[in-house]
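Residue strings, one per chain:
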Amino acid sequence: MNNTVSPALDVNTIRDAFPILQRQVNGHPLVYLDNAATAQKPLSVIDAISDYYKGYNANIHRGIHRMAEEATTAFEATRKTIARFIGAASSDEIIFTRGTTEGINLVAYTWGKQNINKGDEIIISEMEHHSNIVPWQVLCQEKNAVLKIIPVDDNGELSFEIFKKLLTPHTKLVSIVQVSNSLGTVNPVREIIEEAHKAGARVLIDGAQSSVHLDINVQDLDCDFFAFSGHKIYGPTGVGVLYGKKDLLEAMPVFQGGGEMINEVTFKQTTYNELPYKYEAGTPNIADTIALKTAIDFVESIGKDLIREHEVELVKYATRQLEDISGLRIIGKANNKVSLVSFVIDNIHPSDIGTLLDNMGIAVRTGHHCTQPLMKRFDIPGTVRASFAMYNTFEEVDALVAGVHKAVKILL
Ligand code: PLP
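Please read all numbers here as calculations on a predicted model, not as lab measurements. (Residues numbered from 1 in each chain as written. Predicted model: local features only at pLDDT ≥ 70, side-chain atom pairs only at ≥ 80, totals over all residues. Heavy atoms only, no water.)

Student: It is not clear to me how the packing of helix α3 (residues 66–85) against helix α11 (residues 286–302) should be interpreted in this structure. Could you clarify?
Tutor: Between two packed helices, the angle of one axis relative to the other and the distance separating the axes together describe the packing. For the pair α3 and α11, interaxial distance at closest approach is 8 Å and the crossing angle is 45°. Considering the angle they form, α3 stands oblique to α11. Judged by the sense of rotation from one axis to the other, the crossing of α3 with α11 is left-handed. Along its contact with α3, which presents A71, A74, F75, A77, T78, T81, I82, R84 and F85, the element α11 presents I286, T289, I290, L292, K293, I296, D297 and E300. (Axes fitted to C-alpha atoms, helices over the stretch in contact; angles between N-to-C directions. Helix = DSSP H or I, 4+ residues; strand = E, 2+ residues; numbered from the N terminus. Parallel < 35°, antiparallel > 145°, perpendicular 65-115°, else oblique. Left-handed = near helix turned anticlockwise from the far one by under 90°. Contact = heavy atoms within 4.5 Å.)

Student: Even after reading the chapter, I still don't get the packing of helix α4 (residues 100–115) against helix α5 (residues 134–143), so can you show me in this structure?
Tutor: Contact geometry of α4 with α5 gives a least axis separation of 9 Å together with a crossing angle of 20°. Between α4 and α5, the interaxial angle falls into the category roughly parallel. Crossing hand, α4 versus α5: right-handed. Seen from α4, the contacting residues are I104, N105, V107, A108, Y109, G112 and K113; seen from α5, they are P135, W136, V138, L139, E142 and K143. Along the lines of polarity and charge, the residues of the contact of α4 with α5 split into 8 nonpolar, 2 polar and 3 charged. (Nonpolar A, V, L, I, M, F, W, Y, C, P; charged D, E, K, R; others polar.)

Student: Help me out: how do you make sense of the site of the ligand in this one?
Tutor: The full set close to the ligand counts 13 residues, and T101, D206, Q209, S229 and K232 are the nearest of them. Between T101 and the ligand, the recorded distance is 2.6 Å, taken from a side-chain N or O atom to an oxygen atom. Contact with the protein chains covers 86% of the free accessible surface of the ligand, which is 390 Å². Under a 2 Å grid-point criterion requiring more than half of the atoms, the pocket assigned to the ligand is the largest pocket. Residues belonging to the shell around the ligand are distributed by class as follows: 2 nonpolar, 9 polar and 2 charged. (Near = heavy atom within 4 Å. Polar contact = N/O pair within 3.5 Å; in protein donor to acceptor, adjacent residues only side chain to side chain. Areas by Shrake-Rupley, 256 points an atom, 1.4 Å probe, with all protein chains shown as cover. 1 Å grid on protein atoms, 1.4 Å probe; cavity = no way out; pocket = protein on both sides within 12 Å on 5 of 7 lines; lining within 4 Å. Sits in = over half its atoms within 2 Å of the grid points.)

Structural data, given as structure tokens:
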């Protein structure tokens with residue numbers, strides 16, 4: 001196989017930007033197909049982190065010395081870049097978090113505590129990541145509210161008709177994943193948001209997987225909240241973003257208390273800082289936030305459209321070949337699907353395949369992918385998941401397919 005299927009994307013040059021792709025694993029060249037868990041980082045991102053520590057390590061916002069100013073400027077430049085990247089109306093609507101998980105929890109612990117009361121309903125789906133289940137479960141238990149679930153069909157798609165029926169005047173929030181990390185399904189979030197708003201509910205979009213593969217415009221979508229993680233978009237771990245509509249963020253109670261989030265503190269009363277700082281207590285993850293801008297710049301310099309086209313071809317190519325393997329079943333056959341292939345093989349545990357693939361230098365993820373209810377729905381212990389990024393090649397898909405053939409021979 002060759003790279004000519006996606007002629008516009010120069011994969012070999014892209015690969016040169018990622019030092020880790022040169023390494024060997026178990027005596028084989030690394031084939032990294034675990035991008036839905038975390039993407040690898042280009043050298044420019046790694047350099048941005050070390051440049052900060054080598055050149056201008058200082059705390060931000062409060063300092064008046066030169067390095068504090070440089071660090072603050074670089075940190076706030078990321079906020080501006082993110083606002084543009086996701087189409088926010090203002091960079092005041094961009095709150096830095098540790099990742100998607102913290103973003104969702106922030107909403108649950110602030111907006112949720114303020115707005116969810118006894119008998120209210122929150123709708124999520126059967127394909128949610130645990131981080132978009134547990135915070136709502138905890139909140140519903142605390143408030144005596146009801147958690148309702150949109151079911152997933154055999155193809156791995158949500159039933160829109162059932163969703164509409166689940167909406168009632170008691171629905172206060174719909175919290176939904178845009179791209180499933182276990183199935184690759186792209187959910188019709190625009191339509192979901194429209195219906196939810198008609199019913200008077202707010203909508204949070206889990207963009208952990210979608211922000212790297214799809215074009216995001218939060219104003220166009222009209223979502224109320226949107227959360228994603230830097231590390232899945234070629235940026236560092238430990239930094240993520242929560243977008244919220246300004247009027248909502250202004251009305252919500254504070255999350256964590258501490259430095260930076262205050263205006264004035266007295267023992268009698270504390271007043272809070274303006275957006276976005278109201279939700280950013282304490283010294284943030286300065287280096288990684290600065291490097292997140294470098295990651296976004298890198299993605300944009302290549303072009304999301306070209307990257308997506310390439311990844312879609314990789315998914316199709318992998319699916320076609322894997323389907324030919326006797327006893328193999330693809331989990332997740334949605335019409336609108338990106339970035340990954342999940343599968344099971346009769347009479348073989350997914351982790352056994354994963355271990356044998358690792359012996360061949362091929363990194364995939366096996367297990368429940370933090371979506372245990374979804375695995376239960378398909379009545380499987382887990383899947384083998386190969387997930388793709390801009391630097392993956394068709395030869396790597398060939399290696400995966402050959403590896404699975406080999407594993408099946410050994411295990412059956
Ligand atoms: N939501 C989805 C769909 C995910 O795939 C993930 C991570 O895999 C998360 C949420 C949680 O992201 P993080 O662990 O970066 O907070």
